[in-house]
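Architecture and fold: a report
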Amino acid sequence: PNIIGINSGAGLFVLIAASVFPGALWLPPLAAFAGALATALIIFGISLGASTSRLTVVLAGIAITSVFGAGMNTILIVNPDAYIGSSAFLVGGLSGVLMDDLAWPAAYIVGGLAVALLAAGKLNIMALGDDTANALGMNVGATRLAMLAGAAVSFAGLLGFVGLIIPHLVRFFVGHDNRLVLPLSAVSGAAFVVVCDLLARVLFAPYEVPVGIL
């Protein structure tokens with residue numbers, strides 16, 4: 001999510017929400033979800049119109065990240081107070097998350113995982129390349145669009161390192177079968193964040209470092 005622009009889209013929408021509705025504490029998670037989904041749709045549209053290769057998706061994401069990053073910096077320059085209402089989200093951390101906040105993100109995450117696990121076999125076929133997948137009768141475009149249902153709103157902020165590190169470590173140990181990679185990535189990613197959050201709370205006690213910095 002950090003490389004292909006999902007995080008920058010979420011961050012931009014959070015800053016816009018903090019600027020327009022500074023007192024709405026419930027709005028940043030919804031804005032983050034809307035921004036992440038909008039960015040995913042934009043990248044999907046660009047890659048579908050040009051080429052559906054993974055390189056195209058990465059390059060489109062880098063371009064989107066640059067544009068949205070410029071938008072975020074512009075908002076912070078014009079309205080520095082927007083950072084006050086969104087700093088925890090932009091840095092990434094779990095200190096302000098309460099159990100009562102987790103019902104909706106839990107529902108999104110469970111739904112997204114269910115869709116991903118059901119599509120694990122199709123993802124294995126897509127890994128062979130779009131031409132091969134199409135030759136085997138798969139509608140690659142429709143499958144990619146359906147996988148956007150896995151987008152989940154995160155109350156932890158922009159923790160881009162989890163998606164960058166964990167799936168590749170899992171593949172190193174268990175191979176490339178997504179029927180194993182997807183559930184193990186979910187469990188390993190959750191454990192990794194909990195360990196990092198624990199260290200962030202105790203290493204510099206009584207001060208707490210945002211887990212995104214750690």
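Look up: the structure comes first, before these words.
Residues numbered from 1 in each chain as written. Predicted model: local features only at pLDDT ≥ 70, side-chain atom pairs only at ≥ 80, totals over all residues. Heavy atoms only, no water.

**Focus: unusual backbone geometry**
- With omega at 10 degrees, the peptide bond leading from A205 into P206 counts as cis.
- When you line up the elements, P206 lands in the segment after α10 (178-202). (Helix = DSSP H or I, 4+ residues; strand = E, 2+ residues; numbered from the N terminus.)

**A word on helix α5 (residues 103-118)**
- For α5, built from 16 residues, the straight-helix expectation of 22 Å at 1.5 Å per residue is met to within 8% by its first-to-last C-alpha distance of 23 Å.
- Among the residues of α5, P105, G112 and A116 are the ones counted as buried. Viewed end-on, α5 has its buried residues packed into an arc of 35 degrees, placing them on one side of the element. Across α5 from its buried face, at more than 90 degrees, point the exposed residues A103, V110 and L118. (Expected span 1.5 Å × (residues − 1). Buried < 20%, exposed > 50% of the residue type's maximum accessible area, 1.4 Å probe, protein only. Arc of directions from axis to C-beta.)

**Focus on the packing of helix α1 (residues 6-20) against helix α3 (residues 54-78)**
- Across the interface, α1 lies against α3 with an axial gap of 9 Å and an inter-helix angle of 20 degrees. Here α1 lies roughly parallel to α3, going by the angle between them. Of the two elements, α1 crosses α3, and the hand of that crossing is left-handed. Counting all contacts with α1, which are made through S8, G9, G11, L12, L15, I16 and S19, the residues of α3 involved are I64, T65, F68, G71, M72, I75 and L76.
- Split by residue class, the contact of α1 with α3 holds eight nonpolar, six polar and no charged. (Axes fitted to C-alpha atoms, helices over the stretch in contact; angles between N-to-C directions. Parallel < 35°, antiparallel > 145°, perpendicular 65-115°, else oblique. Left-handed = near helix turned anticlockwise from the far one by under 90°. Contact = heavy atoms within 4.5 Å. Nonpolar A, V, L, I, M, F, W, Y, C, P; charged D, E, K, R; others polar.)

**Points about the packing of aromatic side chains**
- Throughout the structure, instances matching the rule amount to one aromatic pair.
- Between F172 and F173 the ring centres are 5.2 Å apart and the planes differ by 85 degrees, which places this aromatic pair in the edge-to-face class.
- Residue class for F172 comes out exposed when judged on its relative accessible area of 68%. (Phe/Tyr/Trp six-rings, centres within 6.5 Å; stacked < 30°, edge-to-face > 60°.)

**Details of the packing of helix α9 (residues 160-174) against α10**
- The contact between α9 and α10 brings their axes to 9 Å, and the two run at 130 degrees. On the basis of their axis angle, the class for α9 and α10 is oblique. For the crossing formed where α9 meets α10, the hand is right-handed. In this structure, α9 contributes F161, V162, I166, P167, V170, R171 and V174 to the contact, and α10 contributes L180, V181, L184, S185, S188, G189, F192, V193 and C196.

All we've got here are geometric facts, nothing functional implied.
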